Amino acid sequence: MQREFLTVAFTGHRTYQSEADGELRQLLEELYEDGARRYLCGMAWGFDLSAGEAVVVHKRLHSDVELVAVEPFAEFRSLFRGEDGERYDALIAAADRRVVVGENNVGAYMRRNDYLVDHSSLVVAWWDGRRDGGTAYTALRARRKGREVINLYPDPQLHLPF
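Basis of the calculations
Counting of residues starts from 1 at the beginning of each chain's written sequence and follows it residue by residue. Where totals are concerned, whole chains, interfaces and linings use all residues; where local detail is concerned, this predicted model gives features only for residues with pLDDT of at least 70, and gives and counts side-chain atom pairs only at 80 or more. Side-chain measures were taken over the full set of non-hydrogen atoms in the model, leaving aside hydrogen atoms and water. Secondary structure counts use DSSP, requiring at least four H or I residues in a row for a helix and at least two E residues in a row for a strand, with both numbered from the N terminus. In this treatment the radius of gyration is a C-alpha quantity, and the globule benchmark scales as 2.2 Å times the residue count to the 0.38 power. We call a residue buried when its accessible area falls under 20% of the maximum for its residue type, exposed when it is over 50%, and partly exposed in between, using a 1.4 Å probe and counting protein chains only. Should any heavy atoms of two residues lie within 4.5 Å, those residues are considered in contact. Note on areas: Shrake-Rupley with a 1.4 Å probe; residue coverage comes only from the protein chains shown. Only four residue types enter the tally: Lys and Arg on the positive side, Asp and Glu on the negative side, with His and both chain ends excluded. To locate a charge, take atom NZ for lysine, CZ for arginine, CG for aspartate or CD for glutamate. Among the buried residues, those of types Ala, Val, Leu, Ile, Met, Phe, Trp, Tyr and Cys that are joined through side-chain atoms within 4.5 Å form a nonpolar core. Strands are treated as partners if at least two bridges between them are detected by DSSP. Angles shown run from 0 to 180 degrees and are taken between the N-to-C directions of axes, each axis being a line fitted to C-alpha atoms and, for helices, limited to the stretch in contact. Throughout, a crossing is termed right-handed when the near helix is turned clockwise from the far one, and left-handed when it is turned anticlockwise from it by less than a right angle. Gly falls in the polar group here, along with every residue not listed as nonpolar (Ala, Val, Leu, Ile, Met, Phe, Trp, Tyr, Cys, Pro) or charged (Asp, Glu, Lys, Arg).

## A few points about the overall build of the protein chain
Link 1 in the chain: When helices and strands are tallied, the protein chain shows 5 helices and 6 strands.
Link 2 in the chain: For the protein chain, the α and β elements follow one another from N to C terminus as β-α-β-α-β-α-β-α-β-α-β.
Link 3 in the chain: For 162 residues, the compact-globule estimate of 2.2 N^0.38 gives 15 Å, and the protein chain sits close to it at 14 Å.
Link 4 in the chain: Each principal axis of the C-alpha distribution contributes one length, and for the protein chain these read about 40 × 35 × 25 Å.
Link 5 in the chain: When the 162 residues of the protein chain are sorted by exposure, 52% land in the buried category.
Link 6 in the chain: Partitioning the intrachain contacts of the protein chain with sequence separation of at least 6 by distance along the chain shows that 80% fall at a separation of at least 24.
Link 7 in the chain: About 8100 Å² of surface is accessible on the protein chain, with carbon and sulfur atoms providing 48% of the total.
Link 8 in the chain: One finds the centroid of the 21 positive side-chain charges in the protein chain at a distance of 5 Å from the centroid of its 26 negative side-chain charges.

## Digging into the nonpolar core
Link 1 in the chain: Within the largest apolar cluster, 36 residues are counted, with the highest numbers of intra-cluster contacts made by Phe-10 and Val-124.
Link 2 in the chain: Mapped onto this core, the elements with two or more residues apiece are strand S1 (7-12), helix H1 (21-33), strand S2 (38-41), helix H2 (47-61), strand S3 (66-73), helix H3 (82-94) and strand S5 (122-126).
Link 3 in the chain: Ranked by the residues each element gives to this core, the list is headed by H2, at 6 residues.
Link 4 in the chain: If we ignore the near neighbours within four places in the chain, the residues touching Phe-10 are Leu-24, Leu-28, Tyr-39, Leu-40, Cys-41, Phe-47, Asp-48, Ala-51, Val-55, Leu-116 and Val-124.
Link 5 in the chain: Grouped together as the second largest cluster of nonpolar side chains are 16 residues, Val-99, Tyr-115, Val-117 and Ala-136 included.

## Overview of the sheet that holds S3
Link 1 in the chain: Taken in spatial order, the 6 strands of this open sheet run S4-S3-S2-S1-S5-S6, and their pairing is parallel. The sheet is open, and its two edges are formed by strand S4 (97-102) and strand S6 (148-151), each paired on a single side. Each strand of the sheet is rotated relative to its neighbour by a mean of 25°, with strand direction disregarded.
Link 2 in the chain: As judged from the 5 bridges shared by S1 and S5, these two strands associate in the parallel manner. Opposite Ala-9, over in S5, you have Val-123 as the bridge partner.
Link 3 in the chain: Sitting on the sheet, H3 is in contact with S2, S3 and S4, with an inclination near 125° to S3.
Link 4 in the chain: Packed on one face of the sheet, helix H5 (residues 134-144) meets S1, S5 and S6 and runs near 145° to S1.

## Remarks on the packing of helix H4 (residues 107-118) against H5
Geometrically, a packed helix pair is captured by the angle between its two axes and the distance between the axes.
Link 1 in the chain: Close contact between H4 and H5 brings their axes to 10 Å; oriented N to C, the two are set at 35°. Crossing of H4 against H5: the hand is right-handed. Between H4 and H5, the contacting residues are Met-110, Asn-113, Asp-114, Val-117 and Asp-118 on the first element and Gly-134, Tyr-137, Thr-138, Arg-141 and Ala-142 on the second.
Link 2 in the chain: Residues that form the contact of H4 with H5 fall into these classes: 4 nonpolar, 3 polar and 3 charged.

Now the structure itself:
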């Protein structure tokens, strides 16, 4: 099926442990065939970093792919420790563009999530269906805005409500 979009955003839980990395790589290739060229990464640990890293690998196969690192505030990196900090730094270095959407306050995460939805045509999620938190907010907002949401969470009973 040919989709009409060029930009994909990612949202997912920070508890993600690479469970869907294979599916994600396969999906990126399918989306590329459908015309996706720009990917927005929200830069949080967990699914965001893994999705961004998958895009970096994808970029090696397709030189016209663009990775945009979308940070909630300029000092976001200071929240990362150890291996996650190293992954964050490597992803920032590999990004084609960096967007900082807010200041360090409670609303910055929502503004980042709004940016991801508002600047994409499709959202790829790792969402377990819980209604609290940024992943639920972003996935449900995407659906309300008419964006397609592809959920990689392995629960066939899970449906994304509007």
